[in-house]
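Here is how the chains run, residue by residue.
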Amino acid sequence: MKLENDSSGRSLFEVHLSYDDVFQNITENINSCEIQENIHGDMEGRLSCHDAAGTLDSLIGTNSLIRIKFPYYGNEINVGFYLDGVKNVNFQTGYKEYIIKLTSINNMINSRMYLQKVYKGLSSDILKQLYEDVYGTDPAALKVLSSTETEGKYIAPNINPKTIQKLILLNSYGKGQSPMFLYQKLIDGGVATLESLHDMIDKENFISITDTTTGDEWSSNLGSIGIFQSLQVEKSYTDNVKKTNQGYYGKTLNVYDVENTTFKKVIVGEAPQALTTNRIYRKNYYTEKDTPLLHNYEINTDTLGEVGLLNNVELAMLKRTNMFAIKVRTLNMSAVPVLSCGETVGLVIQEIDTGSQHVHNGSYLVAGITHKIIKQEKDFEYTQDLELVRPH
């Protein structure tokens, strides 16, 4: 779909870049813009630029703030990123082209901070408090849509906030022992969301999407919203037996209290009996009724003393990317307003012999979206590529 223009025919899609604390409009230098959101973390993006006057040369190697704004069917998109380097510089006669990489504002803030603090309570409450400690409370940086069932105490020994976040998130679960996801949505302007897989897939379908069924130009009219040009099935129960045997879909964690000689079984993940891992801890580290949350980190000397993300075996077992049996990509879909990760959509594949009975039709979780805005003469076209998944 074409993005809106003002009364003079000028596109309302704008890219502004901060230089010496002053924002300048660099939209005329933009060939295309991509913003990726997914349920596994923060947003990121890239700008394809052309530059004949050396406008952006002084910003290469800096971490300047970039703000992207555009309206779309009554919804105002306004999101900020930091410039995170330039690549693929191509010199032509009189101008050059290159790609600007964009990183989340959260990543920039995290890279400059270490925390030394003790957290206690529900894992969701700890993550909420962590976000308030790092990003403040005005505006709220994290929306908690699902509370966790895991709780306990976590000691942060002067480490990076992003490391704390990952450690707690990977060992948290919500209703029905469902894994938790923490991610950003474009429609929220960078505010993070904490939600369980159970609650995400329990939603009603946001919209039905389908392939082109008429000869009309697929991106030229309102009726084409949600119509994609092509579809790819990337995996369908691939290596299912092997992954189940190796415990990729969950684990049972045995916690031993050495001093009180007690034993507790903690079930985590979608297929909790797939793997058993032992954890031993000293009671004197914790007060009465405390349950330790991930104090069994290891120092990784290969990364300048940074605390490792769990033991290697535990981290491998908890990889969120292995929780889904089917992954489908729809390409060049006419953009759906306010569609974001964490929603469910109904997939209808029409141009196949088996019709509506096809195995890949039905409800899917939107695990990732690439928002693509491409300049076409004086206008900008907005499409979306979706990553759709079904859990095991």
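Residues numbered from 1 in each chain as written. Predicted model: local features only at pLDDT ≥ 70, side-chain atom pairs only at ≥ 80, totals over all residues. Heavy atoms only, no water.

Digging into the overall build of the protein chain
Heads up, the rule is: By the criteria applied, helices consist of DSSP H or I runs no shorter than four residues and strands consist of E runs no shorter than two, each listed in order from the N terminus. For every residue, the accessible area (1.4 Å probe, protein chains only) is compared with the maximum for its type, and the residue is labelled buried under 20%, exposed over 50%, or partly exposed between those bounds. The contact criterion used is simple: two residues touch if any of their non-hydrogen atoms lie within 4.5 Å. Accessibility throughout is a Shrake-Rupley quantity obtained with a 1.4 Å probe, and a residue counts as covered only by protein chains that appear here.
A tally of regular secondary structure across the protein chain gives six helices and 23 strands. The proportion of buried residues among the 392 residues of the protein chain is 49%. Considering only residue pairs separated by 6 or more positions, the protein chain has 64% of its internal contacts joining residues 24 or more positions apart. Element-wise, carbon and sulfur atoms account for 47% of the exposed surface of the protein chain, whose accessible area totals about 18600 Å².

Let's talk about the environment of Pro139
Following the sequence through the fold, Pro139 ends up in the loop between α2 (123-135) and β9 (142-144). Considering only alpha carbons, one finds Pro139 and Val191, 52 residues apart in sequence, at a separation of 8.8 Å.

What about the packing of aromatic side chains?
By convention here, two paired aromatic rings are described through the distance between centres and the angle between planes. Here is the rule we go by: Working definition: a ring pair exists when centres of Phe, Tyr or Trp rings (six-membered ring for Trp) sit within 6.5 Å. Plane angles under 30 degrees give stacked, over 60 give edge-to-face, the rest tilted. Working rule: Lys NZ or Arg CZ, within 6 Å of ring centre, within 35 degrees of ring normal, means a charge sits over the ring.
In this structure the tally under the stated criterion is six aromatic pairs. Ring plane angle 80° and centroid distance 4.9 Å describe the contact between Tyr72 and Tyr73, whose orientation is recorded as edge-to-face. Judged by relative accessible area, which is 4%, Tyr72 ranks as buried. A ring pair is formed by Tyr131 and Tyr135, whose centres lie 5.0 Å apart and whose planes are at 55°; its orientation type is tilted. With Tyr131 and Tyr135 both in helix α2, this residue pair falls four residues apart, about one helical turn. The residue whose ring lies beneath Arg390 is Tyr364, and the NZ or CZ to ring-centre distance is 4.2 Å.

Let's talk about the confidence of the model for the protein chain
To keep it simple, the criterion reads: For every residue, the predictor states its confidence as a pLDDT score lying anywhere from 0 to 100.
In the predicted model, the protein chain carries a mean pLDDT of 77, and 71% of its residues have values of at least 70. The weakest mean pLDDT in the protein chain belongs to helix α6 (residues 312-317) at 42; the strongest belongs to strand β13 (residues 192-196) at 95. Ignoring residues within four places in sequence, the model shows residues 215-222, a span with pLDDT below 50, making 17 contacts including any to other chains.

What about empty space enclosed by the protein?
To keep things clear, this is the line we draw: Any residue with an atom within 4 Å of a point lines the site, the site being either a cavity, points on a 1 Å grid over the protein atoms alone where a 1.4 Å probe fits but cannot get out, or a pocket, an open set with protein on both sides within 12 Å along at least 5 of 7 lines. Grid points are joined across faces, edges and corners, and a volume is the space filled by probe spheres set on the points. The nonpolar class holds Ala, Val, Leu, Ile, Met, Phe, Trp, Tyr, Cys and Pro. Asp, Glu, Lys and Arg form the charged class, and all remaining residues, Gly among them, are polar.
According to the stated counting rule, one finds two cavities of 30 Å³ or more in the structure shown. Here the largest cavity is characterised by a volume of approximately 80 Å³. Taken together, Tyr72, Asn75, Ile77, Leu186, Ile187, Val336, Pro337, Val338, Leu339, His371, Tyr382 and Gln384 make up the full set of residues lining the largest cavity. Only β6 (75-92) and β23 (379-391) provide two or more residues apiece to the lining of the largest cavity. When its residues are assigned to classes, the lining of the largest cavity shows nine nonpolar, three polar and no charged.

Re helix α3 (residues 161-170)
The test is simple: Each polar contact in these results corresponds to two N or O atoms within 3.5 Å; when the atoms are within protein, one needs to be able to donate a hydrogen and the other to accept it, and residues that are neighboring in sequence are counted only if both atoms are side-chain atoms.
Counting buried positions over the ten residues of α3 gives nine, a clear majority of the element. Every buried residue belonging to α3 is among Pro161, Lys162, Thr163, Ile164, Gln165, Leu167, Ile168, Leu169 and Leu170, and all of these are buried. Its side-chain oxygen 2.8 Å from the backbone nitrogen of Lys162, Asn160 forms the N-cap of α3.

A closer look at the pattern of salt bridges
Stated precisely, the cut-off is as follows: Any carboxyl oxygen of Asp or Glu within 4 Å of a side-chain nitrogen of Lys or Arg constitutes a salt bridge here.
What the rule picks out here adds up to ten salt bridges. A salt bridge links Lys143 to Asp188; its shortest N-O distance comes to 3.0 Å. In this pair, Lys143 is assigned in strand β9 and Asp188 in the loop between β12 (178-184) and β13, connecting sequence segments 45 residues apart. Residue class for Lys143 comes out partly exposed when judged on its relative accessible area of 33%. Taking the relative accessible area as the measure of exposure, Asp188 reaches 23% and is therefore partly exposed. Between Glu234 and Lys327 there is a salt bridge, with the nearest N and O atoms lying 4.0 Å from each other. Taken as a pair, Glu234 in strand β16 (residues 230-236) and Lys327 in strand β20 (residues 324-334) lie far apart in primary sequence, 93 residues in all. A relative accessible area of 39% means that Glu234 is categorised as partly exposed.

Some remarks on the side chain of Glu343
Basically, it comes down to this: Residues scored as charged are limited to Lys and Arg (positive) and Asp and Glu (negative), so that His and the chain ends carry no count.
Here Glu343 is to be found in the loop between β20 and β21 (344-348). Of the side chains with opposite charge, Lys203 comes closest to the buried, unpaired Glu343, at an N-O distance of 4.1 Å. When residues no more than four places from it in sequence are discounted, the contact partners of Glu343 are Lys185, Lys203, Phe206, Tyr364, Leu365 and Val366.

Observations concerning the environment of Tyr82
Among the structural elements, Tyr82 can be located in strand β6. Sequence separation between Tyr82 and Glu44 is 38 residues; the distance between their C-alpha atoms is 9.4 Å. When near neighbours in sequence (up to four residues on either side) are disregarded, Tyr82 contacts Asn63, Ser64, Leu65, Lys101, Leu102, Thr103, Ile105 and Met108.

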